[in-house]
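Chain by chain, the residues run as shown.
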Amino acid sequence: AIMFYTFQSKLFKDQLEEDLHFEILKSELKRIKIQAIFFAVLTVIVAYVHFILPNDLNHIQRLSDQKFPMRGLLIFALIAFLFEILIYKLLGIGIKKRFRIPDVLRFGFTFIETSFPTILLIMMVQSFDPAVALNTSVPFLYSIFIILSTLGQNSKLSIFTGLVAGLEFAFV
């Protein structure tokens with residue numbers, strides 16, 4: 001009777017861990033959706049500034065002496081948005097089919113996503129004085145990405161996000 005009870009509790013524990021994993025992935029979907037919305041809004045704003053806003057009202061180009069790569073920023077924002085949509089779709093399929101997403105992939109996605117603010121910051125440093133670029137709101141994106149990483153409910157993933165953000169910020 002004891003062996004049967006141990007076997008049952010092991011099955012229950014495995015099922016509980018499996019269910020918890022997929023609930024965590026559902027929470028991760030929320031994080032990805034927030035990031036996708038951010039990049040969609042960024043794409044629309046950059047497209048407006050680049051294609052519609054008159055040059056005399058474009059303060060970004062005026063402050064950078066026409067050096068800021070608006071088209072590059074537009075392409076970057078669009079790629080970041082499409083990346084988030086792709087991850088959202090893949091994760092959704094994985095949840096529906098109850099496919100366990102390897103942690104290596106989750107860390108890889110996190111590394112790529114945490115590198116988005118670094119790319120923006122590099123674009124700004126190349127166009128503006130570095131002191132000006134570092135005093136914009138772009139470095140604060142790191143903290144938003146770190147906070148959003150807690151939706152993944154994995155402390156190792158959040159610590160990794162913080163380390164990547166810190167190292168990449170120090171690199172810039």
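Residues numbered from 1 in each chain as written. Predicted model: local features only at pLDDT ≥ 70, side-chain atom pairs only at ≥ 80, totals over all residues. Heavy atoms only, no water.

1. Let's talk about the pattern of salt bridges
Line of reasoning, step 1. Using the criterion set out here, one finds 7 salt bridges in the structure.
Line of reasoning, step 2. Across the pair Asp19 and Arg98 runs a salt bridge, and its minimum N-O distance is 2.8 Å. Pair noted here: Asp19 is in helix H1 (residues 2–52) and Arg98 is in the loop between helix H3 (70–96) and helix H4 (103–127), with a separation of 79 residues, a long-range link.
Line of reasoning, step 3. Owing to a relative accessible area of 32%, Asp19 belongs among the partly exposed residues under this scheme.
Line of reasoning, step 4. As a salt-bridge pair, Glu23 and Lys26 come within 3.1 Å of each other at their nearest N and O atoms. Here Lys26 and Glu23 lie together in helix H1, a separation of 3 residues that amounts to about one turn.
Line of reasoning, step 5. One network of salt bridges, in which partners are shared, links Glu28, Arg31, Asp103, Arg106 and Glu113. (Salt bridge = Lys/Arg side-chain N within 4 Å of Asp/Glu carboxyl O. Helix = DSSP H or I, 4+ residues; strand = E, 2+ residues; numbered from the N terminus. Buried < 20%, exposed > 50% of the residue type's maximum accessible area, 1.4 Å probe, protein only.)

2. Considering the nonpolar core
Line of reasoning, step 1. Membership of the largest hydrophobic core comes to 33 residues, with the highest contact counts inside it found for Phe39 and Leu73.
Line of reasoning, step 2. Of all elements in the fold, only H1, H3, H4 and helix H6 (140–149) reach the threshold of two or more residues within this core.
Line of reasoning, step 3. Among the elements that take part in this core, H3 stands out by supplying 10 residues, more than any other.
Line of reasoning, step 4. The residues contacting Leu73, other than those within four sequence positions of it, are Val46, Phe68, Leu120 and Met123. (Core = buried A, V, L, I, M, F, W, Y, C linked by side-chain atoms within 4.5 Å. Contact = heavy atoms within 4.5 Å.)

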